[in-house]
Amino acid sequence: MIGFFIALISGALMSVQGVFNTQVTKSSSIWTASAFVQFTALLVCLGAWAAADRSSFGAIFRTEPKYMLLGGAIGAFITYTVIKSMDMLGPAKAVMLIVIAQLIVAYVIEIFGWFGVEKQPLEWRKLIGMAAAIAGIIIFKWK
């Protein structure tokens, strides 16, 4: 149940962050804003590490396969695409499309067992749920 609430908080924070980042872009540029976002995230993470963790940074480089270390680089493009989509579509439409894309890609990863995720069977009820979510976006956007 705690995971459920953490996921809700994550979604809420992503939406607020996207709006904040889009506003910052208006007084700078998209790459400057993205760099600032990533830099401040680094500072927060280093502070949290210093206060609570202090495990070895060297352990990160034992990660296998090595391509898993690309998460931070992907994060930079996530920041860029969230800012750009919110600027072009508005927060509600952008977040709806972002969440649907996340859901579809995450389910494909589960079905095929990519990236070390345990393979899951295809379930029609989950496909119907995704279709309902997509229908919700169409209804939301419909004028």
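Everything numeric in this text was worked out from a predicted model, so none of it was measured.

A. Spotlight on the overall build of the protein. When its secondary structure is counted, the protein shows five helices and zero strands. Shown N-terminal to C-terminal, the secondary structure of the protein runs as helices and strands in the order α-α-α-α-α. The proportion of buried residues among the 143 residues of the protein is 15%. As presented, the protein carries roughly 10,600 Å² of accessible surface, and 75% of it is formed by carbon and sulfur atoms.

B. Looking closely at a nonpolar patch on the surface. Judged by side-chain polarity, Tyr-67, Met-68, Leu-70, Ile-74, Ile-78, Phe-112, Trp-114, Phe-115 and Val-117 come together as a nonpolar surface patch covering roughly 880 Å² of accessible area. Mapped onto the secondary structure, Phe-115 falls in the loop between α4 (91-112) and α5 (124-141). Judged by relative accessible area, which is 47%, Phe-115 ranks as partly exposed.

C. Structural detail: the pattern of salt bridges. For the structure on display, the rule yields three salt bridges. The salt bridge involving Glu-64 is made with Lys-66; its shortest N-O contact spans 3.4 Å. Overall, Lys-66 belongs to the partly exposed group, its relative accessible area being 41%. The salt bridge involving Glu-123 is made with Lys-126; its shortest N-O contact spans 3.8 Å. Note on Glu-123: relative accessible area 23%, which makes it partly exposed. On the accessibility criterion, Lys-126 (27% relative accessible area) is partly exposed. Among the charged side chains, a network of salt bridges with common partners joins Glu-123, Arg-125 and Lys-126.

D. Representation of the confidence of the model for the protein in the model. Across the protein, the average pLDDT comes to 90, with 99% of residues at 70 or higher. No element of the protein has a lower mean pLDDT than α5, at 88, and none a higher one than helix α2 (residues 30-53), at 92.

E. Structural view of the side chain of Thr-22. Looking at the element boundaries, Thr-22 is found in helix α1 (residues 2-26). Classification of Thr-22 as buried rests on a relative accessible area of 9%. Setting aside residues up to four positions removed in sequence, Thr-22 forms contacts with Ile-83, Met-86 and Asp-87.

F. View of the layout of surface pockets. Looking at the largest pocket, its volume works out to about 490 Å³. Taken together, 18 residues make up the lining of the largest pocket; nearest its centre are Met-14, Ile-78, Val-82, Ile-98 and Gln-102. For the lining of the largest pocket, the secondary structure elements donating two or more residues are α1, α2, α3 (71-89) and α4. Here the element with the most residues in the lining of the largest pocket is α1; it accounts for six residues. When the residues that make up the lining of the largest pocket are grouped by side-chain class, the tally is nine nonpolar, nine polar and no charged. Of the pockets and cavities examined, the second largest pocket occupies roughly 310 Å³. Surrounding the second largest pocket, Gln-38, Leu-42, Cys-45, Leu-46, Phe-57, Ile-60, Met-68, Leu-69, Gly-71, Gly-72 and Gly-75 form its lining. For the lining of the second largest pocket, the secondary-structure elements that each account for two or more residues are α2 and α3.

Conventions adopted
- Residues numbered from 1 in each chain as written.
- Predicted model: local features only at pLDDT ≥ 70, side-chain atom pairs only at ≥ 80, totals over all residues.
- Heavy atoms only, no water.
- Helix = DSSP H or I, 4+ residues; strand = E, 2+ residues; numbered from the N terminus.
- Buried < 20%, exposed > 50% of the residue type's maximum accessible area, 1.4 Å probe, protein only.
- Areas by Shrake-Rupley, 256 points an atom, 1.4 Å probe, with all protein chains shown as cover.
- Patch = residues over 30% accessible without salt bridge, like charges linked within 9 Å, V, L, I, M, F, W, Y side chains within 5 Å.
- Salt bridge = Lys/Arg side-chain N within 4 Å of Asp/Glu carboxyl O.
- pLDDT = per-residue confidence, 0-100.
- Contact = heavy atoms within 4.5 Å.
- 1 Å grid on protein atoms, 1.4 Å probe; cavity = no way out; pocket = protein on both sides within 12 Å on 5 of 7 lines; lining within 4 Å.
- Points joined across faces, edges and corners; volume = space filled by probe spheres on them.
- Nonpolar A, V, L, I, M, F, W, Y, C, P; charged D, E, K, R; others polar.

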